[in-house]
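# A look at the structure
These are the residues of each chain, in order.
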Amino acid sequence: MSTSDRLRAILCASFAVMFGVCAESKAADIFKFGVVTPLSGGAADYGIAFQNGIKMAVEEINKAGGATVGGKNYTIEPVFCDDEFKPDKAVNCGKELSAQHKVRAIMTPSSLAAFPMMGFNQQENFVLMATSQTPKFTAMGNKLVVRFINNTDRTMGPWVVLVNKYFQKNGKQIKKAAIMEVNTELGKSWADNFAKAWTKEGGTIIGKASYDANATDFYPQLSTLLPNAPDAIVLTTVCQPSAIVIKQARELGFKGPFINSAACSGEELLKLLPAEQSDGTLLEVGSWAFHEPTIDAFKKAYEEKFKILPQLISGVGYEGTRWLIKSVETAGVVDDATKIRAAMPAALSGLKNMFGMANLDETGDVDFAMYVGIASGGKMSVFSGTEH
């Protein structure tokens, strides 16, 4: 017997004399999952908001006793890796998490990270959960991918109809759109889907310019688009670069509305811009924008904990984590990605969530309704099309 073992035995015996029980110290079983998200660079606010939502869910689950998997209790531990919003960094993160930490699931809030990791997630045996809105994400036959936001192939048409209803209701003739297309997989697919839906509804695309989300000077792109006199400018990325585009477009005299994807949260945009610059911006939003008790309680708890306002991606990270852990419990295993993925439809069907996310199919898609968020007077409101 080693010295440490003898010491443990002596302490255990003393404990038994004093309290009638011997409590052997034993490390708790831990279930780790990976998170690849930008914690620095041009999308850091977005990535940290995602991270914070995950932290909240993990803390709640662990406080409630952790996860029970196959009759054993597990403490949940997320392992975060900063991809700096760069695809090569995302690959490094994915390989490190799967090889060194042996994670069987990785979550990411971007297409930019999701697509390169799809190149090896099946071989490395991990479920890849992503908030990629790009249709291609679930169309490539990867058996271990799961989307936990909307697929724009499903939602763009109805959403653009809703955007036009909002403009018509407010007496605005918005027909000519210019697109600022961020140079990512999502940027291209979102812009293409928007253009298709917009023209179907009678609008026109009068120009398109590409840009990098990590850049800060967008005057050259705007200078090519504004002479065409667009009624609206369409943005396709997270709030930090979007806010810079809006600011610079206003400085160049553009007075029309901006339209952006769910990658940018209204709360974050309002924090970055004064009302006179953000007013009139329309955003893709989920039920997150509605004042419902569960959503309001989450937002309040988040703000109290982190001293900042949550973003939509915060709520998505929170609910995605709850879903993942429920799936692991349902599967009854912690080390088999195929079984965890197979358990995810049943786990989601029994999980009430803030977004009404439901019906995971074989390709990895879910139902995820989108509405129109409106920035006005430094506040956000929502248009669902049912208003009178």
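For the structure, see preceding data.
Residues numbered from 1 in each chain as written. Predicted model: local features only at pLDDT ≥ 70, side-chain atom pairs only at ≥ 80, totals over all residues. Heavy atoms only, no water.

Another aspect to go through is the sheet that holds strand S10 (residues 258-260). Within a sheet, adjacent strands bond to each other through the backbone by hydrogen bonds, running parallel or antiparallel. The seven strands are arranged S8-S7-S9-S10-S11-S12-S13 in an open sheet whose pairing can be described as mixed. Edge positions in the sheet fall to strand S8 (204-211) and strand S13 (379-383), since each of these pairs with one other strand and no more. Geometrically, the sheet is characterised by an average inter-axis angle of 25° between neighbouring strands, direction not taken into account. Where S10 and strand S11 (residues 282-285) come together, two bridges link them in parallel fashion. (Pairing = 2+ DSSP bridges. Helix = DSSP H or I, 4+ residues; strand = E, 2+ residues; numbered from the N terminus. Axes fitted to C-alpha atoms, helices over the stretch in contact; angles between N-to-C directions.)

What follows concerns the state of the cysteines. Summed over all chains, the structure comprises two disulfides. Here Cys239 engages in a disulfide with Cys264; their sulfurs sit 2.1 Å apart. In this structure, the disulfide formed by Cys239 and Cys264 twists by about 100° around the S-S bond and is classed as right-handed. Note that Cys239 is positioned in helix H8 (residues 239-251) and Cys264 in the loop between S10 and helix H9 (266-272), a separation of 25 residues in sequence. Each member of the pair Cys239 and Cys264 is classed as buried. (Disulfide = S-S within 2.5 Å. Buried < 20%, exposed > 50% of the residue type's maximum accessible area, 1.4 Å probe, protein only.)

To continue, consider the packing of helix H2 (residues 44-63) against helix H11 (residues 293-306). It is the contact of H2 with H11, at a shortest axis distance of 11 Å, that shows an interaxial angle of 105°. With respect to their mutual orientation, H2 and H11 come out roughly perpendicular. In contact with Ala49, Asn52, Gly53, Lys55, Met56 and Glu59 of H2, H11 contributes Phe298, Ala301, Tyr302, Lys305 and Phe306. A breakdown of the residues in the contact of H2 with H11 according to their chemical character gives six nonpolar, two polar and three charged. (Parallel < 35°, antiparallel > 145°, perpendicular 65-115°, else oblique. Contact = heavy atoms within 4.5 Å. Nonpolar A, V, L, I, M, F, W, Y, C, P; charged D, E, K, R; others polar.)

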